[in-house]
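Structure assessment
One letter stands for each residue in the lines below.
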Amino acid sequence: MIALQGIRKSFGGHEVLRSVSVDIAAGQVTALIGPSGSGKSTLLRCVNLLEVPDAGNLTLGAETIRFSPGVRPGPDAVRRIRLQTGMVFQNFQLFAHQSAVQNVMEGLVTVKRWDKARARERALALLDKVGLRDKADAWPASLSGGQQQRVAIARALAIEPAVLLCDEPTSALDPGLAAEVVAVLSELAREGMTMLMATHDLRLAAQVAGHTVFLLDGAVVEAGPSRALFESAQDPRTREFVATLA
Ligand code: ADP
Ligand code: MG
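The rules behind each value
- Residues numbered from 1 in each chain as written.
- Chains lettered and ligands numbered in written order.
- Predicted model: local features only at pLDDT ≥ 70, side-chain atom pairs only at ≥ 80, totals over all residues.
- Buried ≥ 20, exposed ≤ 12 C-beta atoms within 10 Å, placed from the backbone.
- Helix = DSSP H or I, 4+ residues; strand = E, 2+ residues; numbered from the N terminus.
- Near = placed C-beta within 6 Å.
- Nonpolar A, V, L, I, M, F, W, Y, C, P; charged D, E, K, R; others polar.
- Axes fitted to C-alpha atoms, helices over the stretch in contact; angles between N-to-C directions.
- Parallel < 35°, antiparallel > 145°, perpendicular 65-115°, else oblique.
- Left-handed = near helix turned anticlockwise from the far one by under 90°.
- Contact = placed C-beta atoms within 7 Å.

With that settled, consider unusual backbone geometry. Of note in the backbone geometry, Ser 19 takes a positive phi value of approximately 60 degrees without being a glycine. Residue Ser 19 is classed as partly exposed on the basis of its 14 C-beta neighbours within 10 Å. Of note in the backbone geometry, Phe 92 takes a positive phi value of approximately 65 degrees without being a glycine. Summarising the element assignment, Phe 92 is placed in the loop between β6 (85-88) and α3 (100-110).

As structure tokens, then:
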């Protein structure tokens, strides 16, 4: 479903991803863990081409892109990749001047060119799915962080992406509000949504992700079933990092 092979990315002279390979099967949820600065966000951003890798391959469904230094993928390839990915950010990044339902409709209207009535109907169904049907006309600023993040998840799902990318989706939230978001992501996982999520949230990784990848200094140290990684990691660096998660 998603394959990253030998992904390299440098900023200036600093190599932030050093030949990273990750495979995610359809319907699988993979957590990406690692200390701050290990390259988690950059790797997620490479999957939807917010960053263009210097080398390696990205396969997403039927689309494969081979990267080489200084070469940017064409606009059609970028569009095909973006149509298959939804992104959820740590700080929600809702459009502040749009209501909840307008936020969710946005991609359907601008990217998929749906008419507004049809987009609104689908957006309301998605808000219902994340438990916020009654907040459709609320402004983001009037919503709690957990509610804003659930709107952001509905927005990311609107175009029916093949994969949902989440960058620390619970890190900005108090535990109670984080639990609301974990519940929504758990439900999506049960329904078979393919996801890649960077997180420091042990509950999110252990409950929702069947697989976990431990990234350190831009390289994969260890990857495998989450339970094995959390309870009996092979590499001492993995054990040491896992012990720091709460
Ligand atoms: P993580 O998400 O694991 O905390 P990041 O992917 O955000 O790690 O960052 C990895 C490294 O890449 C850090 O050293 C960060 O400063 C650097 N970095 C990330 N994005 C950029 C950028 N746009 N320009 C320069 N350096 C960047
Ligand atoms: Mg990050």
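There's more to say after this.
All right, on to the site of ligand 1 then. The environment of ligand 1 is made up of Phe 11, Val 16, Gly 34, Ser 36, Gly 37, Ser 38, Gly 39, Lys 40, Ser 41, Thr 42 and Ala 198. Per-element accounting of the shell around ligand 1 gives the leading share, 3 residues, to helix α1 (residues 40-47). Grouping the constituent residues of the shell around ligand 1 by class yields 3 nonpolar, 7 polar and 1 charged.

Turning next to the packing of helix α5 (residues 145-157) against helix α6 (residues 175-190). Between two packed helices, both the angle of their axes relative to each other and the distance between the axes serve to describe the pair. Relative orientation of the contacting elements α5 and α6 amounts to 20 degrees, with a least axis distance of 8 Å. One way to sum up the angle between α5 and α6 is to call them roughly parallel. Remark: the crossing between α5 and α6 carries right-handed chirality. From α5, Gly 145, Gly 146, Gln 149, Arg 150 and Ile 153 reach across to α6, where they touch Leu 177, Glu 180, Val 181 and Val 184. Taken together, the residues of the contact of α5 with α6 break down into 4 nonpolar, 3 polar and 2 charged.

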